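Letter by letter, the chains look like this.
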Amino acid sequence: MDKPVLQIIVASTRPGRAGRAVADWVRAKAESSGLFEVELVDLAEVRLPFLDEPHHPRLKQYVNAHTKEWSAIVDRADAYVFVTPEYNHSFPGVLKNALDYLHHEWQHKPAAFVSYGGVSGGTRAVAALRHVVSTLKMVPVMEGVIIPFVPQFRDEDGDLRPNEVMDGSADAMLAELARYSGVLGAMRESVA
């Protein structure tokens, strides 16, 4: 049986961002777990324009090549980890735009969150994001990783150097995503 596909989605596109280093750490953890086929999806590389489809995403009548490509990327995943900073008590607009482009492709798949930032570690961003992914019929898991004061966990090369709490939280998150992806994958197959 094939392993489920886990996509790690980097939500920040800002120059000098910590998000890519955080996502690279999550990817390494996910790959070493052996639970998933892992893909890193960096929204800075996807480069979606501001939503420009003439039809509602629920109709899946995409006219733009970038939307069709984005649909194919998201559709092949069985689970997601959103790596997000907190901007003004919420998550980045580029992530909201990426989520809003699609509808069916997100449905009935588990989602987890790795957040980072200052004192709150991105928790307010995750609180806002949970509502959005639930509306898209994703199933947010409770396990996740919170990284407060993220600069203190980066080395001189910019790589993330997690502590034991972060490592343990990531392990629990990945295990829960694996459980949910199996159950929800079977549900998606029975509906299809």
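Residues numbered from 1 in each chain as written. Predicted model: local features only at pLDDT ≥ 70, side-chain atom pairs only at ≥ 80, totals over all residues. Heavy atoms only, no water.

1. So, the side chain of Thr67
Relative to the assigned elements, Thr67 resides in helix α3 (residues 65-75). For Thr67, a relative accessible area of 0% corresponds to the buried category. Setting aside anything within four residues of it in sequence, one finds Thr67 in contact with Asp52, Glu53, Tyr62, Tyr101 and Leu102. (Helix = DSSP H or I, 4+ residues; strand = E, 2+ residues; numbered from the N terminus. Buried < 20%, exposed > 50% of the residue type's maximum accessible area, 1.4 Å probe, protein only. Contact = heavy atoms within 4.5 Å.)

2. Notes on the packing of helix α1 (residues 19-33) against helix α6 (residues 164-191)
Two elements in contact, α1 and α6, have axes whose closest approach is 10 Å; the angle formed by their N-to-C orientations is 55 degrees. Accordingly, the angle class assigned to the pair α1 and α6 is oblique. The element α1 and its partner α6 pack so that their crossing is right-handed. Seen from α1, the contacting residues are Trp25, Val26, Lys29 and Ala30; seen from α6, they are Met166, Asp167, Ala170, Asp171, Met173 and Leu174. Residue composition of the contact of α1 with α6, grouped by class: 7 nonpolar, no polar and 3 charged. (Axes fitted to C-alpha atoms, helices over the stretch in contact; angles between N-to-C directions. Parallel < 35°, antiparallel > 145°, perpendicular 65-115°, else oblique. Left-handed = near helix turned anticlockwise from the far one by under 90°. Nonpolar A, V, L, I, M, F, W, Y, C, P; charged D, E, K, R; others polar.)

3. Looking at α3
Three or more residues of α3 are buried, namely Thr67, Trp70, Ser71 and Val74. Buried residues along α3 cover an arc of 105 degrees about the axis, so they all sit on one side. Summarising the contacts, the buried residues of α3 are in contact with β1 (5-10), β2 (37-42), α2 (43-46), β3 (79-85) and α4 (93-100). (Arc of directions from axis to C-beta.)

4. Things to note about the packing of aromatic side chains
Evaluated as defined, the whole model comprises 5 aromatic pairs. Pairwise contacts between aromatic rings join Trp70, Tyr80, Phe82, Trp106 and Phe113 into one cluster. (Phe/Tyr/Trp six-rings, centres within 6.5 Å; stacked < 30°, edge-to-face > 60°.)

5. Notes on the pattern of salt bridges
All chains considered together, the criterion is met by 14 salt bridges. Its salt-bridge partner being Asp42, residue Arg20 comes within 2.8 Å of it at the nearest N-O pair. Of the two residues, Arg20 is situated in helix α1 and Asp42 in strand β2; the sequence distance between them amounts to 22 residues. Since its relative accessible area comes to 25%, Arg20 is described here as partly exposed. Overall, the relative accessible area of 2% leaves Asp42 in the buried class. Asp159 serves as the salt-bridge partner of Arg161, at 3.8 Å between the closest nitrogen and oxygen. Classification of Arg161 as partly exposed rests on a relative accessible area of 47%. Among the charged side chains, a salt-bridge network with shared partners connects Arg17, Arg20, Asp24, Arg27, Asp42 and Glu45. (Salt bridge = Lys/Arg side-chain N within 4 Å of Asp/Glu carboxyl O.)

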